[in-house]
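# Observations on chain architecture
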Amino acid sequence: MITNEMLTLNNGVKIPKMALGVWMIPDEEVSDAVKAALNLGIRHIDTAQAYENERGVGQGVRESGIPREEIFVTSKVAAENKTYESALASIDETLKKTGLDYLDMMIIHSPQPWVDVNQSDNRYFEENVEVWRAMEDALKAGKLRAIGVSNFQKEDIDNIGKLQVQLEH
């Protein structure tokens, strides 16, 4: 039996500890994997724009027979989106592809575009602040319930944190 232990994010949103990660599952097959995982009791599905299977994830969630509010869906803004406009548009595109009214969490997939990971010293500080702002606006608009980062180093997180301090003053 799968237990769904929960963690509480800093904004009070509860997230199941265990998730089905769908990296490398083709879009035309992922719906069945999602439905099978949900049938087994898993309630967190983790996808990303870069996985190119968000459509199938949304289909699996919608066809599972499980109420949407009982399923936690995470996706990630593609690492190549480094402007406010492209990040916001990509969130809307994810919602359109999945056919979901909201995502439970959206994450910046990487502080650097994938072609620059471990190849460049550019940490895209200014660009990541813009992506974060877009995610905050999507959160305020009710498109997202929580936001976060992935593959960020301390300096990258501190950079986003500086934005938070500026907004609070």
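First, a word on scope: everything that follows refers to the structure included in this document.

Reading the values: the criteria
- Residues numbered from 1 in each chain as written.
- Predicted model: local features only at pLDDT ≥ 70, side-chain atom pairs only at ≥ 80, totals over all residues.
- Heavy atoms only, no water.
- Helix = DSSP H or I, 4+ residues; strand = E, 2+ residues; numbered from the N terminus.
- Expected span 1.5 Å × (residues − 1).
- Buried < 20%, exposed > 50% of the residue type's maximum accessible area, 1.4 Å probe, protein only.
- Arc of directions from axis to C-beta.
- Contact = heavy atoms within 4.5 Å.
- Pairing = 2+ DSSP bridges.
- Right-handed = clockwise from strand over helix to strand, strands pointing away.

### Describing helix α3 (residues 84-98)
Taking 1.5 Å of rise per residue, 15 residues should cover 21 Å, and α3 covers 21 Å from first to last C-alpha, within 8% of that figure. Within α3, the full set of buried residues consists of Y84, A87, S90, I91, T94, L95 and T98. Down the axis of α3, the buried side of the element spans an arc of 140°, and every buried residue falls inside it. Within α3, the exposed residues directed more than 90 degrees away from the buried face are E85 and K96. Turning to α3, the residues buried within the fold contact α2 (54-63), β5 (72-77), β6 (105-108) and α4 (125-140). Just past α3, the residue G99 takes up positive phi, approximately 75°.

### Some points on the pairing of β5
Counting buried positions along β5 gives 6 out of 6 residues, so the element sits mostly inside the fold. Bridging between strand β4 (residues 44-46) and β5 involves 3 bridges; their strand directions are parallel. Bridge assignment links H44 to a residue of β5, and that residue is F72. Two strands pair when backbone bridges link them, and β5 and β6 are joined in this way by 4 bridges, in the parallel orientation. The partner of K76 across the bridge, within β6, is I107. For the crossover from β5 across α3 to β6, the handedness is right-handed.

### Let's talk about helix α1 (residues 27-40)
The first and last C-alpha atoms of α1 sit 21 Å apart over 14 residues, in line with the 20 Å expected at 1.5 Å per residue. Within α1, burial applies to D27, V30, S31, V34, A37 and L38. The buried residues of α1 occupy an angular sector of 135° when the element is viewed end-on, so they sit on one face. For α1, exposure combined with an orientation more than 90 degrees from the buried face picks out E28, D32, N39 and L40. Looking at the buried residues of α1, the elements they touch are β3 (20-21), β4 and α2.

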